[in-house]
Amino acid sequence: MKILLVEDNDAIIMGLVFLLNQEGYGVETVKSAGRTRELLQKEEYDLVLLDIALPDGSGFDICSQIKEGSKTPIIFLTAKEDELDVVKGLDMGADDYIVKPFRNRELLSRIKSVLRRSGRASAKLRWSDLELDLETGKVFREGKEIQLTKLEYRILSSMMSCPGKLFTREEILADIWDVSGNFVNDNTLSVTMKRIREKLGDTQGQLIKTVRGMGYRLEG
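Here is what the cut-offs are and how they apply
Residues numbered from 1 in each chain as written. Predicted model: local features only at pLDDT ≥ 70, side-chain atom pairs only at ≥ 80, totals over all residues. Heavy atoms only, no water. Helix = DSSP H or I, 4+ residues; strand = E, 2+ residues; numbered from the N terminus. Rg over C-alpha atoms; globule rule 2.2 N^0.38 Å. Contact = heavy atoms within 4.5 Å. Areas by Shrake-Rupley, 256 points an atom, 1.4 Å probe, with all protein chains shown as cover. Lys, Arg positive; Asp, Glu negative; His and termini not counted. Charge placed at Lys NZ, Arg CZ, Asp CG, Glu CD. Salt bridge = Lys/Arg side-chain N within 4 Å of Asp/Glu carboxyl O. Buried < 20%, exposed > 50% of the residue type's maximum accessible area, 1.4 Å probe, protein only. Pairing = 2+ DSSP bridges. Phe/Tyr/Trp six-rings, centres within 6.5 Å; stacked < 30°, edge-to-face > 60°. Lys NZ or Arg CZ within 6 Å of the ring centre and 35° of its normal. Axes fitted to C-alpha atoms, helices over the stretch in contact; angles between N-to-C directions. Expected span 1.5 Å × (residues − 1).

Undergrad: How do you make sense of the overall build of the protein chain when you look at a structure like this?
TA: What the protein chain contains, in helices and strands, is eight helices and 14 strands. Compactness check: the protein chain gives a C-alpha radius of gyration of 19 Å against a globular reference of 17 Å for 220 residues, within 12% of the reference. Referenced to the eigenvectors of the C-alpha coordinate spread, the extents of the protein chain come out at roughly 55 × 35 × 25 Å. A sequence separation of at least 24 residues applies to 56% of the contacts in the protein chain between residues at least 6 apart. As displayed, the protein chain offers around 11500 Å² of accessible surface, 47% of which is attributable to carbon and sulfur atoms. When the 33 positive and 36 negative side-chain charges of the protein chain are each reduced to one mean point, those points stand 6 Å apart.

Undergrad: Sorry, what's going on with the pattern of salt bridges here?
TA: Side chains bearing opposite charge may pair, as long as their charged atoms lie close to each other. In this structure the tally under the stated criterion is 14 salt bridges. Two residues, Arg110 and Asp96, come together in a salt bridge whose shortest N-O distance is 3.0 Å. Taken together, the positions of Arg110 in helix α5 (residues 104–117) and Asp96 in strand β7 (residues 96–99) put the pair 14 residues apart, joining distant regions of the chain. A residue is classified by how much of its surface remains accessible, and Asp96, at 16% relative accessible area, is buried. With its nearest N and O atoms 2.9 Å apart, the salt bridge here joins Arg141 to Asp129. In this pair, Arg141 is assigned in strand β10 (residues 138–141) and Asp129 in the loop between β8 (124–127) and β9 (130–133), connecting sequence segments twelve residues apart. It is possible to trace a salt-bridge network through shared partners that takes in Glu7, Asp51 and Lys100.

Undergrad: Can you walk me through the pairing of strand β6 (residues 74–78) in this structure?
TA: The side chains of a regular strand alternate between the sheet's two faces. Where burial is concerned, most of β6 is hidden: five out of the five residues are buried. Sheet analysis places strand β3 (residues 47–50) next to β6, joined by three bridges and oriented parallel. Note on β6: the bridge partner recorded for Leu50 is Phe76. Where β6 and β7 come together, four bridges link them in parallel fashion. Bridge assignment links Thr78 to a residue of β7, and that residue is Val99.

Undergrad: I keep staring at the packing of aromatic side chains and nothing clicks. Help me out?
TA: Two measures describe an aromatic ring pair: the distance that separates the ring centres and the angle between the ring planes. Considering all chains together, one arrives at two aromatic pairs under this definition. An angle of 70 degrees between the planes, with centres 5.4 Å apart, marks the rings of Phe60 and Phe76 as edge-to-face. Within this pair, whereas Phe60 is found in helix α3 (residues 59–69), its partner Phe76 is found in strand β6, the two being separated by 16 residues in sequence. Judged by its relative accessible area of 6%, Phe60 falls in the buried class. On the basis of an interplanar angle of 55 degrees and a centroid distance of 5.8 Å, the ring pair of Phe76 and Tyr97 is categorised as tilted. In this pair, Phe76 sits in strand β6 while Tyr97 sits in strand β7, placing the two residues 21 residues apart along the sequence. Three or more aromatic residues joined by ring pairs form one cluster here, namely Phe60, Phe76 and Tyr97. Looking at Lys165, its charged tip hangs above the ring of Phe167, at a distance of 4.3 Å from the centre.

Undergrad: Would you take a moment to explain the sheet that holds strand β13 (residues 208–211) for this structure?
TA: In a beta sheet, neighbouring strands pair by backbone hydrogen bonds and run either parallel or antiparallel. In spatial order, the strands read β12-β14-β13; together these three strands make up an open sheet with antiparallel pairing. Two strands bound the open sheet, and with one partner strand each, they are β12 (166–168) and β13. Each adjacent strand pair in this sheet contributes to an overall mean axis angle of 30 degrees, direction not counted. With four bridges joining them, β13 and strand β14 (residues 215–218) adopt antiparallel strand pairing. Counterpart to Ile208 in the pairing with β14 is Leu218. In the packing of helix α6 (residues 150–160) onto the sheet, contacts are made with β12, β13 and β14, and the angle to β14 comes to roughly 60 degrees.

Undergrad: Can you help me understand α5 in this one?
TA: Note: α-helices contain 3.6 residues per turn, so residues at a spacing of three or four share the same orientation. The end-to-end C-alpha distance of α5, which contains 14 residues, comes to 20 Å, matching closely the 20 Å that a straight helix rising 1.5 Å per residue would cover. Listed as buried for α5 are Arg105, Leu107, Leu108, Ile111, Lys112, Val114 and Leu115. Taken from the residues just after α5, Gly119 is the one with a positive phi, measuring 80 degrees.

Here is the structure:
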């Protein structure tokens, strides 16, 4: 997956490139509307993350240009949170609108959702003998359906989206908070991970490995 990041803030660029690279995305960055137009004439991207306020133009104009000639999905990533700006962006064909500051895991979740809707990403995640259907929300191991709660499903889907990656306890807690809307403490996370393992038949931790003092990693 190749993402074009249109953003003029160096700190945001650095953070997003690191985050997206960690998730396996290729990222090309550009800071101006003029350079963005040049790239779009000769390159194709799976997704454009687009700021609105650019030094030499508006992200709205870039969005119009992209939508005129392609079906490339666009997510506006901007500090402009006025309702009229949000509506304008979506009416122009943008696939999502995220206001800064944002949570990293929420951004990644939105990116994956847009890529799935646009047909640029698989609707199923597979690792070892695990399969997770993102459209139905069902999880299978060795062809047998596993019943998970909403929190358990959210954790497992995040880990299956990037197997082998170390997910810190802080990252997972942020995900749980997002999906439940309630405060979840560290002990609750430990209990939840234990239940996921039990349901998957992974009581020895061979599939979901604990990295002591840090977090968890999906192996297999």
